[in-house]
Amino acid sequence: MKEVGSALKEQRNNRFDLTGKTAIVTGAGRGLGQAIAVGFAEAGANVVLVTNRSSAATTLAKIEALGGQARIVQADVADREKLPAIIEETVSAFGGVDILVNNAGIIRRTPAADHAYADWQEVLDVNLNSVFVLCQLAGKRMLEQGSGKIINIASMLSFQGGINVPGYTASKHAVAGLTKALANEWAPKGVQVNAIAPGYMATDNTEALRNDPARSRQILERIPAGRWGTDEDLIGPAIFLASSSSEYMNGHILCVDGGWMNR
């Protein structure tokens, strides 16, 4: 009986095992990207840490402390010409690409009537255009091998309009739509494309909201869990979508929001 029980436990664990897989995580220098990257390493994956605005040295150190393998690739994802090198360096370092997490993102807060076009364009370049190009580049390799997992980071503003963030809202609506469009084409070929929509997380992007007592109170009053989300809250959902446990999930936008969307 002990041997049977042990075998069942091992089988359950293997469903979330990423050993031998290679993952690319953009925006891996801090916050949600760092947490996902370290979580993947804990699950056994080799991880390519793509960063531009912040150093990924801390993320690398965390992974190496676990005995994991990681490589830093410095790249501005807003620069389309730099994106092929991310895939090339990943293949050179680890032999292939099995998982892509498009996490890098920025936000610009200005009333729509005064929203600078330069801000609009920068947000779309980082939050949407880079997502499409990286999906396309990694997707071609995944389609050739007949397997792969792509996880795009969406938002509550993939469903709602927000205030003073027209570019961010437009980009995150588009990320949700792109996720569904790619899933429709690639699911029959063994590539799962899904997205995670984080709720109100304690990150740099929400610092202004958290520092506004009235707005912060309004947000917390709507969240059934009664708290802001943390980096750690995304690790389990990301591993699930990256693992064999999500083989039949395609084009899904997974809300990790403390219940925000229920209200």
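All values reported here derive from a predicted model rather than from experimental measurement.

Moving on: the overall build of the protein chain. A tally of helices and strands in the protein chain yields nine helices and seven strands. The globule rule puts the C-alpha radius of gyration for 263 residues at 18 Å, and the 18 Å found for the protein chain is close to it. With the principal axes as the frame, the protein chain shows a C-alpha extent of 60 × 45 × 40 Å. Put simply, the protein chain has 263 residues, and 48% of those count as buried. Of the side-chain charges in the protein chain, 25 are positive and 26 negative, and the distance between the mean point of each set is 5 Å.

Within the UniProt annotation, "domain: Ketoreductase" (unreviewed entry) is assigned to residues 21–189. Counted over residues 21–189, helix gives 49% and strand 15%. Its end C-alpha atoms are 18 Å apart.

What follows deals with the pairing of strand S2 (residues 46–51). Among the six residues that make up S2, six are buried, leaving the element largely enclosed by the rest of the structure. Of the pairings in the sheet, the one linking strand S1 (residues 22–26) to S2 comprises five bridges and is parallel in character. In the sheet register, Thr26 faces S2, and the bridge partner there is Val50. For the crossover that starts at S1, traverses helix H2 (residues 31–42) and ends in the parallel S2, the hand is right-handed. Bridging between S2 and strand S3 (residues 70–74) involves five bridges; their strand directions are parallel. Within S3, the position partnered with Leu49 by the bridge is Ile72. In the classification by handedness, the crossover that spans S2, the intervening helix H3 (residues 57–65) and the parallel S3 is right-handed.

For the rest of this paragraph, the subject is the nonpolar core. Buried together is how nonpolar side chains tend to be arranged in soluble globular proteins. Ile24, Ile86 and Leu100 are the most contacted members of the largest nonpolar core, which has 43 residues in total. Sorting the residues of this core by element identifies S2, helix H4 (83–94), helix H5 (117–145), helix H6 (166–186) and strand S6 (191–198) as the ones contributing at least two each. Broken down by element, the residue count for this core peaks at ten residues, all from H5. Non-local contacts of Leu100, meaning those with residues more than four positions away in its chain, are made with Ile24, Leu134, Cys135, Ala138, Met142, Lys149, Ile150 and Ile151. Judged by nonpolar contacts, the second largest core, of 33 residues, contains Val25, Leu32, Ile36 and Ile239.

What follows deals with the pattern of salt bridges. Using the criterion set out here, one finds six salt bridges in the structure. Here Asp233 ties to Arg227 by a salt bridge, and the two come within 3.0 Å at their closest N and O atoms. The exposure class of Arg227 is partly exposed, given its relative accessible area of 42%.

Think of an α-helix as turning once every 3.6 residues; residues three or four places apart then point the same way. Burial runs high along helix H9 (residues 235–242): six of the eight residues are buried. Regarding H9, the residues found buried are Ile235, Pro237, Ala238, Ile239, Leu241 and Ala242.

Take H4 next. With twelve residues, H4 should reach 16 Å at 1.5 Å per residue; the first-to-last C-alpha distance of 17 Å fits that figure. Every buried residue of H4 is listed here: Leu83, Ile86, Ile87 and Thr90. Down the axis of H4, the smallest arc covering the buried residues is 90°, so these residues share one side. Among the exposed residues of H4, those pointing more than 90 degrees away from its buried face are Glu88 and Ser92. Tucked into the core, H4 has its buried residues touching S1, S2, S3 and H5. Directly after H4, the chain includes Gly95, whose backbone phi takes a positive value near 90°.

Contact geometry for H2 and H3: axes closest at 9 Å, N-to-C directions at 20°. By the angle between their axes, H2 is roughly parallel relative to H3. The element H2 and its partner H3 pack so that their crossing is right-handed. Residue-level inspection shows Gln34, Ala37, Val38 and Ala41 of H2 in contact with H3, the latter providing Thr58, Thr59, Lys62 and Ile63. Tallied by class, the residues present in the contact of H2 with H3 amount to four nonpolar, three polar and one charged.

Parameters and conventions
- Residues numbered from 1 in each chain as written.
- Predicted model: local features only at pLDDT ≥ 70, side-chain atom pairs only at ≥ 80, totals over all residues.
- Heavy atoms only, no water.
- Helix = DSSP H or I, 4+ residues; strand = E, 2+ residues; numbered from the N terminus.
- Rg over C-alpha atoms; globule rule 2.2 N^0.38 Å.
- Buried < 20%, exposed > 50% of the residue type's maximum accessible area, 1.4 Å probe, protein only.
- Lys, Arg positive; Asp, Glu negative; His and termini not counted.
- Charge placed at Lys NZ, Arg CZ, Asp CG, Glu CD.
- UniProt positions renumbered as here; feature names shortened; annotations may be inferred.
- Pairing = 2+ DSSP bridges.
- Right-handed = clockwise from strand over helix to strand, strands pointing away.
- Core = buried A, V, L, I, M, F, W, Y, C linked by side-chain atoms within 4.5 Å.
- Contact = heavy atoms within 4.5 Å.
- Salt bridge = Lys/Arg side-chain N within 4 Å of Asp/Glu carboxyl O.
- Expected span 1.5 Å × (residues − 1).
- Arc of directions from axis to C-beta.
- Axes fitted to C-alpha atoms, helices over the stretch in contact; angles between N-to-C directions.
- Parallel < 35°, antiparallel > 145°, perpendicular 65-115°, else oblique.
- Left-handed = near helix turned anticlockwise from the far one by under 90°.
- Nonpolar A, V, L, I, M, F, W, Y, C, P; charged D, E, K, R; others polar.

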